[in-house]
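Below, each chain spelled out in residue letters.
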Amino acid sequence: MQTIYDTDAAASSSLYGGDSATRAVGLPVSTGLGRAYAPGGSTETASALLQQMRDKTAAMMAEVPQEPAVTTPFVGYKEDTNEYFSAGKVFKADLNEGRQAEAAGLFDVVNEKLPPGFKPVLGAQAKAKLKSDFENQGFMSDVTRRAATKAAGFAGTGRELGIPGAESARQYFSDVAARNPSQISTAKDLLDKPLTTVQETMGELPVDLAAMAVGAGVGAKAGAAAGAVFGPAGAGVGAGLGAILGGTLANFPEFFGNAMTEQRSKGVYDPARAVMTSAGSSALELLGPEAWVARSVAKKIAAKGLPAAVGDLSGARALMTAGAAKTVGKKLAVGAAIEGPLTEFPQTVLDRYGGYSDLLSTQAIDEYIISTAKGAIGGGVISTIQGTAEYQAAKNFTTKLAEDQAIAQDVNQPVQERIAAAKRVKAILDGNSSDPAIAAELAAFRAAMTALAAAGNAAATAAAVQTGAPANLMQAQGPALTP
């Protein structure tokens, strides 16, 4: 028979004993929850209910839209200063600092906090803007880059000479060049962007030609002044030598300054090597079509105060015989070959050697190919201009000579004009008489003038006899008196 103590013990065990304890105290067993029991039943019942509540809560929360975490990269942009902010750094939104930041991955950072004045901009948008700016720089960017690179080289030489402020100037011009970067940095770019390659070459070329012209002009004037003590001939020789020296010195400071800057970036100091390679690169400039600029300047300066040159009649006629297409085409081919593989390629090798840069790396090979290609394009352009100018000059020269020959032999022209024309013809033919064909032409011209003079003299004498008026033999003979 159960006692009250037995009942109490059963009741106490119901707190821990599960289904049997529940029945022992006389409580109904819930069947609506399957294996989950109503409160007061057991710890198993409570756990089941708690899990049900958790599951229900999770299901309800899943139906509520959650705000996604910010994972899209964005940076700060300040319009009035044209600056970006990312990862604690502020940098210019240009093709120098901007591209450096892109390479460092700063446009791929999620900047949750921005400094005052900076507005959020998607990193992808910033990179797209840089890409657009890079691909649409234009002709003036090419001119600016080449001029800044040359100026930086000159400033580098000034630094080596101890000129105050030269290093600051070099850094400034280097930054300007970096803000106008070349789009052609690998050999593959030459094939992918042929029009861009031509555009860049055309932008860089005027700077080099201008430097050559200025240097040659200064050198030619100094040389002409020095040679003048030996007379007109000495002035001409001095102008020619001065133009060569001036053209060389115009490029030397750039080569030397850049070589020394490269050396310093590598912790090297070897000015002797820099001088040697820079002198070699400068001398190579005078082998290519750019030397035509120096020669042209020298000729103009040397011609001042000297008798006018009679011109190369044989050469002019040879060009006319060849024709414009052949003349210009030959110049183009020769100029491209000289300026590309024979000038720019060895210059690039010398420049890298002078700066203690490797000579056979992938970057070096790309530089060799790019410089050779651009040199060939530039040389071809200069030589085309040169060939066209020479052909047109030859055409004008031979045409004027033919016109003067016709005027000199036209008895209907005023006698003074005939005499002047005959003198010009005689000077040209006489100056080129080392050519047997032209010597024969000169003799024939003199014979023709003599015959015309004799005929005019006879006609004037006959008229004087008939009219009784005095004969003007000077008018009748005309240019026969001058040969």
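Heads up: the structure comes first, above all this text.
What counts and how
- Residues numbered from 1 in each chain as written.
- Predicted model: local features only at pLDDT ≥ 70, side-chain atom pairs only at ≥ 80, totals over all residues.
- Heavy atoms only, no water.
- 1 Å grid on protein atoms, 1.4 Å probe; cavity = no way out; pocket = protein on both sides within 12 Å on 5 of 7 lines; lining within 4 Å.
- Points joined across faces, edges and corners; volume = space filled by probe spheres on them.
- Helix = DSSP H or I, 4+ residues; strand = E, 2+ residues; numbered from the N terminus.
- Nonpolar A, V, L, I, M, F, W, Y, C, P; charged D, E, K, R; others polar.
- Pairing = 2+ DSSP bridges.
- Axes fitted to C-alpha atoms, helices over the stretch in contact; angles between N-to-C directions.
- Contact = heavy atoms within 4.5 Å.
- Parallel < 35°, antiparallel > 145°, perpendicular 65-115°, else oblique.
- Phe/Tyr/Trp six-rings, centres within 6.5 Å; stacked < 30°, edge-to-face > 60°.
- Buried < 20%, exposed > 50% of the residue type's maximum accessible area, 1.4 Å probe, protein only.
- Salt bridge = Lys/Arg side-chain N within 4 Å of Asp/Glu carboxyl O.
- Patch = residues over 30% accessible without salt bridge, like charges linked within 9 Å, V, L, I, M, F, W, Y side chains within 5 Å.
- Areas by Shrake-Rupley, 256 points an atom, 1.4 Å probe, with all protein chains shown as cover.

Caption draft 1: Local environment of the layout of surface pockets. Looking at the largest pocket, its volume works out to about 2,000 Å³. Forming the walls of the largest pocket are 49 residues, and the residues nearest its centre are Arg146, Thr149, Glu254, Asn258 and Glu367. Residue assignment for the lining of the largest pocket shows that the elements contributing at least two residues are α4 (97-103), α6 (139-160), α7 (166-178), α9 (194-227), α10 (232-265), α14 (324-354) and α15 (362-408). Element by element, the count of residues in the lining of the largest pocket is highest for α15, at 9 residues. Here the residues of the lining of the largest pocket are counted per class, giving 11 nonpolar, 20 polar and 18 charged.

Caption draft 2: Main features of the sheet that holds strand β1 (residues 74-78). Strand order across the open sheet formed by 4 strands is β3-β2-β1-β4, with antiparallel pairing between neighbours. Here the strands that pair on one side only, and so sit at the sheet edges, are β3 (89-92) and β4 (119-122). Within the sheet, the average angular offset between the axes of one strand and its neighbour, ignoring direction, is 35°. Across 3 bridges, β1 lies against strand β2 (residues 83-86) in antiparallel orientation. When the sheet's bridge partners are listed, Lys78 is paired in β2 with Glu83. Packing against the sheet, helix α5 (residues 123-135) makes contact with β1, β2 and β4, and its axis sits at approximately 70° to β4.

Caption draft 3: How the structure looks around the packing of α6 against α10. Two numbers describe how α6 lies on α10: the axes approach to 7 Å, and their chain directions differ by 75°. On the basis of the axis angle, α6 is roughly perpendicular to α10. In this structure, α6 contributes Arg146, Thr149, Lys150, Ala152, Gly153, Phe154, Gly156, Thr157, Arg159 and Glu160 to the contact, and α10 contributes Ala250, Asn251, Pro253, Glu254, Phe256, Gly257, Asn258, Met260, Thr261 and Arg264. Here the residues of the contact of α6 with α10 are counted per class, giving 6 nonpolar, 8 polar and 6 charged.

Caption draft 4: View of the packing of aromatic side chains. The tally for this structure, following the rule as stated, stands at 8 aromatic pairs. Ring geometry for Phe85 against Phe118: centres 6.1 Å apart, planes inclined by 55°, an arrangement best described as tilted. On the criterion of sequence distance, the pair formed by Phe85 in strand β2 and Phe118 in the loop between α4 and β4 is long-range, its members being 33 residues apart. Like Phe85, the residue Phe118 is buried in the burial classification. Taken together, a centroid distance of 5.7 Å and an interplanar angle of 80° make the contact between Phe91 and Phe107 edge-to-face. Of this pair, Phe91 sits in strand β3 while Phe107 sits in the loop between α4 and β4; the two residues are 16 residues apart in sequence, bridging distant segments of the chain. Like Phe107, Phe91 is buried.

Caption draft 5: Representation of the pattern of salt bridges within the structure. In this structure the tally under the stated criterion is 24 salt bridges. One network of salt bridges, in which partners are shared, links Asp142, Arg145, Glu200, Glu204 and Lys374.

Caption draft 6: Here's a closer look at a nonpolar patch on the surface. Residues Val237, Leu241 and Ile244 make up a contiguous nonpolar surface patch of about 290 Å² in total accessible area. Tracing the backbone shows Ile244 in helix α10.

Caption draft 7: Spotlight on unusual backbone geometry. The phi torsion at Asn82 lies on the positive side, around 55°, for a residue other than glycine. With respect to the secondary-structure elements, Asn82 resides in the loop between β1 and β2. Despite not being glycine, Ala87 shows a phi value in the positive range, around 55°. Tracing the sequence through the fold places Ala87 in the loop between β2 and β3.

Caption draft 8: Representation of the side chain of Glu200. With respect to the helices and strands, the residue Glu200 is situated in helix α9. Residue classification places Glu200 among the buried positions, given a relative accessible area of 1%. In this view, Glu200 contacts Asp142, Arg145, Ser182, Gln183, Ile184 and Lys374; residues no more than four positions away in its chain are not counted.

Caption draft 9: Molecular detail of the side chain of Gln405. Structurally, Gln405 can be placed in helix α15. Assessed through its relative accessible area of 17%, Gln405 is described here as buried. Gln405 has contacts with Val425, Leu429 and Glu441, leaving out every residue within four places of it along the chain.

Shape is all these values report; function is a separate question.
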